[in-house]
Structure formats: structure tokens, C-alpha cells
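# A look at the structure
Listed below, chain by chain, are the residues.
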Amino acid sequence: MNNNSNKMFFLFILFFSTLISISSNSWFGCWIGLEINLLSFIPLISNSKNLLSVETSLKYFLTQSLASINFLFMILIKFSLLKNFNMNNIISIMMNSSLLMKMGSAPFHFWFPNIVEGLSWMNNFMLMTWQKISPMILLSYYFNKNFLIFMIITNLIIGSLGGLNQTSLRKLLAFSSINNLGWMIFSIMISENLWLFYFLIYSMMISMMISLFFLMNMYFMNQLFINNMNFFIKLNLLINFLSLGGLPPFMGFMPKWIIINFLLINKFYFLTFIFMMTSLIIIYYYIRIIYSSFMFNYFKMKWVNLLMKNNMSLINLSSFISISSMILSTFIFM
Amino acid sequence: MLIYDIWFLFIYMFSVGNLIFVSKNKHLLVVLLSLEFIVLSIFFFFLVLLMFIDYDMYMLMVFLVFSVCEGSLGLSILVSMIRSHGNDYFQSFSML
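Residues numbered from 1 in each chain as written. Chains lettered and ligands numbered in written order. Predicted model: local features only at pLDDT ≥ 70, side-chain atom pairs only at ≥ 80, totals over all residues. Heavy atoms only, no water.

Under an unreviewed UniProt entry, chain B has the name NADH-ubiquinone oxidoreductase chain 4L and belongs to Bombyx mori. Quoted verbatim from the Sequence similarities (unreviewed entry) heading of the UniProt record, the comment on chain B is "Belongs to the complex I subunit 4L family." Listed under Catalytic activity (unreviewed entry) in UniProt, the entry text for chain B is "a ubiquinone + NADH + 5 H(+)(in) = a ubiquinol + NAD(+) + 4 H(+)(out)". (UniProt positions renumbered as here; feature names shortened; annotations may be inferred.)

The name given to chain A in an unreviewed UniProt entry is NADH-ubiquinone oxidoreductase chain 2, and the organism recorded there is Bombyx mori. For chain A, the Catalytic activity (unreviewed entry) comment in UniProt is given as "a ubiquinone + NADH + 5 H(+)(in) = a ubiquinol + NAD(+) + 4 H(+)(out)". Per UniProt, the comment on chain A under Sequence similarities (unreviewed entry) is "Belongs to the complex I subunit 2 family."

What follows is the structure, encoded as C-alpha cells:
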């Protein structure tokens, strides 16, 4: 059932569901948006009829429906306790927990690498970027600062330590996504503009990586080493991985720099330490991959001949954007 | 809000539904039934809440429509699973 008009219809509803959720007047409208999001994403991912796609869509449905029904129950309890502000702590913790489960953040993250392993690259891109928008914005409406700081620390640690033993590229990006969720939730607590900035740059970086992997049809790490890739593809891979890890001359450093600036000015020293150390672990396993892929000269297999395809003309442009955007962004105010 | 004891019933129903949802079951259908039970408890809760706002039940109908859509989506996934695996046992999940 590879019907493109099906996909266009469900994509349209998916975009609108996020808009419904974030622009509603009441919490009930937010819940409606989340439900429509679930209803329109499931047909997008359960398109083929193999075992893997069924299991994926089942796991996604179960976790997301549980989270959204819990969210609604907490909305009703909040509604019924109008003047009783003593219960604010508990209710905000429960509502934040259900939204964190929707996003795939730790400690409710166990479904996320499993599902990412079962989806194609384009569906992964949808899951990692668009599906995170409405839970994040709903989180910014009613968050509990102490609870969220604890969740951020958990996110960072699990995202960095979980990716150490992975060989599948999808699961690697899933754990990297969990780690970046930690940064993003903290940026929500600073200001919503900063969250938007971080989210846009993060989705741009993820889109560059995923489009590269999609064009070369790569799902596992050994595929990076076996092929005799063009030099520019390898260079683009290097730049994208380092940019995702947050190394300075690349684009991915900019939002992390702003967050660290805020942390240090306001004396959040312990949190800064955790942010830095987990970023270090992430950069370690990125560099482990690209060092092997970029520096070494592997056996050139004759039957796997990866030419520059016709639709790879954007690779040079994306590398240029990743390298130069930090410097070019200083020219905005000229 | 004159009677507060009814909340125990709602919280109890909701908790029992959640407990069955997260328990280890043999069939997938039990999980979907527990989801419907949670929806039922929220329906009851919503009904009682809305009775205190001059009987405005429109929101309840909207909630009912969305929950039914969600339940039918779960059932369609169950059908898809039976078509590919042959049964709805949880033991047949070995891919991921």
C-alpha cells in the first residue's frame, strides 16, 4: 500500500494536530491535539506488512495512548481542585510525567530505541523532530522545576551511557536524541525563544544526517566502513557528527553555548558539570565512528560501488552551512 | 464540590485500569480492554464533574468521540498483528 496520497493526507493531519495542541485555550484542547497526533501518526508508520512494522506500531500505540489518557485524567483532577493549591506539586509532576512519556524522555524512554530501530529513516525523522514539538510546548505551560531538573539529569546520563554499546545507527541517533532532549527541556525552563532556537538547529542537524543515511541506505555501523565512499560524503559525515555532538566551529555548538552561558552566569555549577561530562561521552562515541570511517583505508569491495548519486547535490551545501553558520550568524546585526 | 468521597472511586478505577495495562498478560486484547476500562473511568469522572457546571455535557461527547477513535485504532493494530503473526500473544515479539 504505497499510496502517496494516503501519506499526504495523514501528514497534513499530523501537522494540524500539533497546531491544535499548542494553540488551544484549555488543557482539553491540548489533549485533543495529542490524540489526533497519535491517530494520524500510526497509519504513517504501519505501511508495510512485515512483522517488524506491526510490532513497532503496536508499541508506539500502547505507550502513547497510556500517556495521553493519564494526561487527561490529571487534567480532570486539576480541573476539579480549582482553589486547592496544595496539590499543585503532585498534579504538575503527574502531568509532566505523562508528557515526558509522550516525548520519549528518560525515565520513560524504553520504548524509544526499540521503535526507532523498527522504522525507516523518514519515519524516524518525523518521530525525532515533529513529534517532540507539542509535548515540549505543553511542558512549558505547567512545569515543576525541581522535578524537571532531576529528569534532565536522568536524560543526559541515559542518553550518553546508552549509546556506548550500539552498532545500529538508528539506535545511536535515538540515544543522541534522548540526550538532546535533556538540553531542550532545560532550555524550555530558560525561555521559550531559546527552546525554539535549539529545536530548529537540532532538527536541521538531524535532517542533514538522516538525509545522508537515507540516500546511502545505511542502517548499521559496519556499512559505514565497508563502502568505498566518496571523499565528500565522508567529510559531510564527519562534519555532521561533530556538529551534533556540539564541537565549536560547527553549527551544533551555538545553542549549547547559549545554554552553558546561562548556566554559568546563574551559578548552576553542578548541572554544568553534568552537561559537560555527558557531552564528552557522546562525542567519544561519535569520534570512534568517524575516526574509523574517515581515517582508515578499508578493503575496496568490487561489488559495492557507491557512486555519487544524482540527488546528492545538497551535501556540499549542508556541509557549508554546518561549518560557517556560527560565523555568518554574527553578520545578522550588520 | 459537596461530596469528596467519590474521588476515591475514580482514582481507584483509574489505578486498577492502569495496573492491568502494565501487567504481564498473555494476550494483547487484555491490554486494550484495560485501556477501555480507563476510558470508562474517565468518562464517569467527567460526567460527575460536568454535572456541577449546570449540566454542560458537550465536552463529554467530544471526549467520547476521541476515545472511541483511539479504541478502534488499537483494535485495527490488533487485527494487523493477527494477520502477520497469527495470534495476539505477547511472546511473539522477538524482533526489537
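### What about the overall build of chain B?
For chain B, the count of helices and strands is three helices and zero strands. In sequence order, the secondary structure elements of chain B are arranged as α-α-α. At 17 Å, chain B has a C-alpha radius of gyration far larger than the 12 Å of a compact globule built from 96 residues. Taking the principal axes of the C-alpha coordinates as reference, chain B spans close to 50 × 25 × 15 Å. Counting every position in chain B, which comprises 96 residues, the buried fraction comes to 36%. Counting contacts in chain B only where the partners sit at least 6 residues apart, residues at least 24 apart contribute 51% of the total. With an accessible surface of roughly 5,800 Å², chain B has 71% of that area assigned to carbon and sulfur atoms. (Helix = DSSP H or I, 4+ residues; strand = E, 2+ residues; numbered from the N terminus. Rg over C-alpha atoms; globule rule 2.2 N^0.38 Å. Buried < 20%, exposed > 50% of the residue type's maximum accessible area, 1.4 Å probe, protein only. Contact = heavy atoms within 4.5 Å. Areas by Shrake-Rupley, 256 points an atom, 1.4 Å probe, with all protein chains shown as cover.)

### What about helix α7 (residues 133-141) of chain A?
The buried fraction of α7(A) is high, at eight of nine residues. Of all the residues in α7(A), the buried ones are A:I133, A:S134, A:P135, A:M136, A:I137, A:L138, A:L139 and A:S140.

### Details of the UniProt feature "transmembrane region" (unreviewed entry) in chain A
Residue and element names in this part refer to chain A. The positions that UniProt labels "transmembrane region" (unreviewed entry) are, in the present scheme, residues 60-81, 93-112, 147-165, 172-190, 196-219, 231-248, 268-291 and 312-333. Taken end to end, residues 60-81 is 95% helix and 0% strand, and its two terminal C-alpha atoms sit 32 Å from one another. End C-alpha to end C-alpha, residues 231-248 measures 23 Å, and it is 83% helix and 0% strand.

### A short note on the pattern of salt bridges
Residue and element names in this part refer to chain A. The final tally for this structure, using the stated rule, is two salt bridges over all chains. Residues E55 and K59 are paired through a salt bridge, measuring 3.9 Å at the closest nitrogen-oxygen approach. You can see E55 and its partner K59 sitting in helix α3 (residues 51-80), four residues apart, about one turn around the helix. (Salt bridge = Lys/Arg side-chain N within 4 Å of Asp/Glu carboxyl O.)

### Quick notes on unusual backbone geometry
Residue and element names in this part refer to chain A. For the bond running from A106 to P107, omega is 0°, close enough to zero to count as cis. Looking at where P107 falls in the secondary structure, it is placed in the loop between α4 (88-103) and α5 (111-118). The backbone of N217 sits at a positive phi, close to 60°, despite the residue not being glycine. Relative to the elements of secondary structure, N217 occurs in the loop between α10 (192-216) and α11 (222-226). In the Ramachandran plot, K267 falls in the positive-phi region, its phi being about 65° despite a non-glycine side chain. Looking at the secondary structure, you find K267 in the loop between α13 (253-265) and α14 (269-295).

### Let's talk about the confidence of the model for chain A
In this model, chain A carries a mean pLDDT of 89, and residues with pLDDT of at least 70 account for 93%. Considering each helix and strand of chain A separately, the mean pLDDT is smallest for α11(A), with a value of 78, and largest for helix α9 (residues 169-190) of chain A, with 95. (pLDDT = per-residue confidence, 0-100.)

### A word on the nonpolar core
Residue and element names in this part refer to chain A. Residues F71 and F213 are the most contacted members of the largest nonpolar core, which totals 136 residues. At 15 residues, the largest contribution of residues to this core is made by α3. The contacts of F213, once residues within four sequence positions are left out, are W121, L169, L173, M218, L224, L237 and F241. (Core = buried A, V, L, I, M, F, W, Y, C linked by side-chain atoms within 4.5 Å.)

### Some thoughts on the interface of chain B and chain A
With 37 residues of chain B at the interface, the matching set in chain A holds 34 residues. Here chain B meets chain A over a buried area of about 3,400 Å², counting both sides, of which 84% is carbon and sulfur. Remark: the boundary between chain B and chain A carries zero salt bridges. At the junction of chain B and chain A, the tally comes to one residue pair in polar contact (both at pLDDT 80 or more). Those elements that provide at least two residues to the side of chain B that touches chain A are α1 (6-22), α2 (28-51) and α3 (58-85) of chain B. (Buried area = accessible area lost by both parts, 1.4 Å probe. Polar contact = N/O pair within 3.5 Å; in protein donor to acceptor, adjacent residues only side chain to side chain.)

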